[in-house]
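# Analysis of the macromolecular model
So you can see what is in the structure, the chains are spelled out below.
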Amino acid sequence: MIRDITIGQYLPGNSLMHKMDARVKILLTVTFIAVIFICKNFFALGLMALVTLLLTVLSKVPPRMMLKSLRPVMIILLFTAVLNVFYTKDGNVLFSWWRITLTDKGVFTAVFMAVRIVCLIAGSSLLTYTTTPTMLTDAIERLLSPLKIFKLEVHTLAMMMTLALRFIPTLTEEIDRIMSAQKSRGADLESGGLIKRAKALIPILIPLFISAFRRAYELAFAMECRCYHGGEGRTRMKQMKMRLPDFVSAAGMACLLGGVIFVNIYFKAVI
């Protein structure tokens, strides 16, 4: 399960999404997430699922990587589905036994929420898959630049956010390495109840925190040795410029937003 966490990973490529401006990709990702939550019926959500599939094809990200990013949330999907199936009492009763009641609306809600979560994870994962950490830092700094009027250290904030995102894969690999070392020494991390498993994690958390603080110190020392002093006077090797694909993508997202709103209103009126 730890190895399946892909948040923060970057996959080099030459696709259309890799060439897009990082600022546009961040704004479009936020808009994409908002549009997913606007969906009120399966027709609108189906449209979002098709768009998610199209974006995955355009990004040229291997399907196995997309499936790998969904594996860690399978437990959340199942838990959400079970809650919606058995705790939704509205609608026509399909099955009833003791205190368990299964309705058509409960099944509808469970499937709807599962598809929504899958689209959410898959769509947002494309941002880090197709954008380097450096470009993410620059894009976040540019987008947050209006906050400078409040005397906020925008560059420092952007750097902290990007470093935290970047080191998620590193920490997951470190957790997997520590767990393998503990298992080789006879540690039992998989059997027993919830309390026993929680206690078994203590020998993992201690070396993990030590390793994380060591990495943070080494990174700070390396940045200091390279005379890093924040964003003041800093130049960039690659300048971000919006091109035709960026404007086309923005127009496409606007059309998608309008299409989802139209589908919501139309099918609500028909049904």
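Residues numbered from 1 in each chain as written. Predicted model: local features only at pLDDT ≥ 70, side-chain atom pairs only at ≥ 80, totals over all residues. Heavy atoms only, no water.

## Section: the packing of helix α3 (residues 42-59) against helix α6 (residues 104-129)
For any two helices packed against each other, one specifies the crossing angle of their axes together with the interaxial distance. Put simply, the rule reads: Every axis in this analysis is a line fitted to C-alpha atoms, fitted for helices over the stretch in contact. Angles between the N-to-C directions lie between 0 and 180 degrees. Every helix listed is a DSSP run of H or I at least four residues long, and every strand listed is a run of E at least two residues long, numbered separately from the N terminus. What sets the label is the angle itself: under 35 degrees gives roughly parallel, over 145 gives roughly antiparallel, 65 to 115 gives roughly perpendicular, and the rest give oblique. Crossing handedness follows the turn of the near helix against the far one: under a right angle anticlockwise gives a left-handed crossing, and clockwise gives a right-handed one. Any two residues whose heavy atoms approach within 4.5 Å are treated as being in contact. Residues are grouped as follows: Ala, Val, Leu, Ile, Met, Phe, Trp, Tyr, Cys and Pro are nonpolar; Asp, Glu, Lys and Arg are charged; every other residue, Gly included, is polar.
Contact geometry for α3 and α6: axes closest at 10 Å, N-to-C directions at 30°. If you check the angle between α3 and α6, you find them roughly parallel. When the axes of α3 and α6 are compared, the crossing they make is left-handed. Counting all contacts with α3, which are made through F42, L45, M48, A49, T52, L55, T56 and S59, the residues of α6 involved are F108, V111, F112, V115, R116, C119, A122, G123 and L126. Of the residues assigned to the contact of α3 with α6, the class counts are twelve nonpolar, four polar and one charged.

## Structural notes on the pattern of salt bridges
Quick reminder of the rule: Criterion for a salt bridge: a side-chain nitrogen of Lys or Arg within 4 Å of a carboxyl oxygen of Asp or Glu. The buried label applies to any residue whose accessible area, calculated with a 1.4 Å probe on protein chains only, is under 20% of its type's maximum; exposed applies above 50%, and partly exposed to all values in between.
All told, the structure shown has three salt bridges when counted by the stated rule. Residue R23 pairs with D21 through a salt bridge whose shortest N-O separation is 2.9 Å. Both residues of the pair, R23 and D21, belong to the buried class. Overlapping salt bridges bring together E174, R177 and R215 as one network.

## Overview of the nonpolar core
Rules: Within this scheme, the nonpolar core is defined by two criteria: the residues are buried Ala, Val, Leu, Ile, Met, Phe, Trp, Tyr or Cys, and they are joined through side-chain atoms within 4.5 Å.
Counting 17 residues, the largest nonpolar core has F32, C39, M48, L256 and V260 as the members making the most contacts within it. Counting residues per element, the ones that place at least two in this core are α2 (22-38), α3, α6 and α11 (244-270). Looking at this core, the element that brings in the most residues is α2, giving five residues. For F32, the residues in contact, after removing those within four places along its chain, are M48, V51, T52, L55, C119, G123 and M253.

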